[in-house]
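Okay, here's what each chain looks like letter by letter:
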Amino acid sequence: MNKKQLFEQIKTKKSFLCVGLDPVMEQIPRHLLKYDNPVLEFNKQLIDATKDLCVAYKPNTAFFESMGLKGWETLIRTWEYIPKDIFTIADAKRGDIGNTSAMYADAFFNKEKSGMGFDAITVAPYMGKDSVGPFLNHKDKWVILLALTSNIGHSDFQLHQTPEGKLYEEVIRISSAWADSEQLMYVVGATRGAEFKNIRRLAPDNFLLVPGVGAQGGSLADVCTYGLNDSCGLLVNSARSIIYAGNGEDFAEKARAEALKLQQEMEQILLAAGLI
Ligand SMILES: O=C(O)c1cc(=O)[nH]c(=O)n1[C@@H]1O[C@H](COP(=O)(O)O)[C@@H](O)[C@H]1O
């Protein structure tokens, strides 16, 4: 899906919500345990309940990898189940020397080889251009580079002052020469509301993947004050606050209700900004 198509989806659905699919076996509703693959059933029911309210799904691969062989299969089946007009992000946070990154790119982008054809993957920038390049070589796919993350430890490296500016600013400035806003997004945590003005100065046209609304306490309104651009430019992710909104037989309805709240807030924001 290209940038124009993504913006069209946002306008059609009046939403820039990305639902995070981070399933933990111990936390899924007990009545699903009767299924052969309870986690897959959990994901499918969540997707059915929220697919008209969101424009993207982001399975974090750790939650699947931790379940071994079955988890990997569940990730593939989950990707297959997501409607093809919805943007899919493999939150894998990869990046290695070039020939290894090429294998990671095939693992998440090359459907013929791996069974998964995600639209985008999260990538760590630390190893530099030749580690990110193999992902960018997949012309119709997106790289979402970690810039300013939502966790406490973001200050350990990302805020380090370099002669040119903070390290995360350098990540954006340097990487923006590797690809344009048709292929490159940045992760900026919702908990970093105050920094969005600065981020937009450095990356005016790029989409930003913004996790941290919900369980981590980030504010959608704060993110949007400076984060919106003329093609929306934001994919705001929430996982736990949606997928674990309930844990009984009505868990999918409860998840839908949480997603609806965010979608309605987003609709008002898009309207106020004149984007819809
Ligand atoms: O790349 C990410 O998605 C990510 C970056 C970041 O800075 N912070 C962050 O929370 N995430 C991911 O976004 C999701 C947040 O989940 P919730 O806190 O449950 O909404 C998890 O899958 C995290 O791994």
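Whatever comes next refers back to the structure up there.
Bear in mind that the values here come from a model prediction, so they are computed numbers and not experimental data.

## So, the packing of aromatic side chains
Two aromatic rings are characterised by how far apart their centres lie and by the angle between their planes. Evaluation of the coordinates by the stated rule reveals six aromatic pairs. Considering the side-chain rings of Phe42 and Tyr244, the 5.9 Å spacing of their centres and the 15° angle between planes classify their relative orientation as stacked. Taken as a pair, Phe42 in helix H2 (residues 38-50) and Tyr244 in the loop between helix H12 (240-243) and helix H13 (251-272) lie far apart in primary sequence, 202 residues in all. A relative accessible area of 19% places Tyr244 in the buried class. Taken together, Trp72, Trp79, Phe108 and Phe118 form an aromatic cluster joined through their ring pairs. Lying across the ring of Trp79, Lys84 places its NZ or CZ 4.3 Å from the centre.

## Some points on the packing of helix H5 (residues 98-109) against helix H7 (residues 129-136)
When two helices pack together, their arrangement is given by the angle between the helix axes and by the axis-to-axis distance. It is the contact of H5 with H7, at a shortest axis distance of 8 Å, that shows an interaxial angle of 30°. Between H5 and H7, the angle falls in the class roughly parallel. Seen from above, H5 lies across H7 with right-handed handedness. Of the residues in H7, those in contact with Gly98, Ser101, Ala102, Tyr104, Ala105 and Phe109 of H5 are Asp130, Ser131, Pro134 and Phe135. Classifying every residue of the contact of H5 with H7 gives six nonpolar, three polar and one charged.

## Some thoughts on the site of the ligand
Within the structure, the ligand sits among 15 residues, and Asp22, Ser150, Gln216, Ala239 and Arg240 are positioned closest to it. Taking Asp22, its side chain carries an N or O atom lying 2.7 Å from an oxygen atom of the ligand. The contact in question runs from an oxygen atom of the ligand to an N or O atom on the backbone of Ala239, over 2.9 Å. According to the grid-proximity analysis, the pocket containing the ligand is the largest pocket.

## What to know about the side chain of Asn237
Examined against the element boundaries, Asn237 turns out to sit in strand S10 (residues 234-238). Of the polar contacts made by the side chain of Asn237, one reaches the backbone nitrogen of Gly20; its length is 3.3 Å. The contacts of Asn237, once residues within four sequence positions are left out, are Cys18, Val19, Gly20, Lys58, Leu209, Val210, Pro211, Gly212 and Val213.

## Points about the pattern of salt bridges
Taken as a whole and judged by the stated rule, the model has 15 salt bridges. A salt bridge links Arg77 to Glu73, with the nearest nitrogen and oxygen atoms 3.7 Å apart. With Arg77 and Glu73 both in helix H4 (residues 68-81) and four residues apart, this pair spans about one turn of that helix. Judged by relative accessible area, Glu73 falls into the partly exposed class, the value being 37%. Within this structure, Lys58, Asp91 and Lys93 form a network of salt bridges that share partners.

## Describing the environment of Gly214
Topologically, Gly214 is positioned in the loop between strand S9 (208-211) and helix H11 (220-227). Take Gly214: its relative accessible area is 34%, and that puts it in the partly exposed class. Sequence separation of Gly214 and Ile199 is 15 residues, and the distance between their C-alpha atoms is 22 Å. Gly214 has contacts with Ser238 and Ser241, leaving out every residue within four places of it along the chain.

What counts and what doesn't
- Residues numbered from 1 in each chain as written.
- Predicted model: local features only at pLDDT ≥ 70, side-chain atom pairs only at ≥ 80, totals over all residues.
- Heavy atoms only, no water.
- Phe/Tyr/Trp six-rings, centres within 6.5 Å; stacked < 30°, edge-to-face > 60°.
- Helix = DSSP H or I, 4+ residues; strand = E, 2+ residues; numbered from the N terminus.
- Buried < 20%, exposed > 50% of the residue type's maximum accessible area, 1.4 Å probe, protein only.
- Lys NZ or Arg CZ within 6 Å of the ring centre and 35° of its normal.
- Axes fitted to C-alpha atoms, helices over the stretch in contact; angles between N-to-C directions.
- Parallel < 35°, antiparallel > 145°, perpendicular 65-115°, else oblique.
- Left-handed = near helix turned anticlockwise from the far one by under 90°.
- Contact = heavy atoms within 4.5 Å.
- Nonpolar A, V, L, I, M, F, W, Y, C, P; charged D, E, K, R; others polar.
- Near = heavy atom within 4 Å.
- Polar contact = N/O pair within 3.5 Å; in protein donor to acceptor, adjacent residues only side chain to side chain.
- 1 Å grid on protein atoms, 1.4 Å probe; cavity = no way out; pocket = protein on both sides within 12 Å on 5 of 7 lines; lining within 4 Å.
- Sits in = over half its atoms within 2 Å of the grid points.
- Salt bridge = Lys/Arg side-chain N within 4 Å of Asp/Glu carboxyl O.

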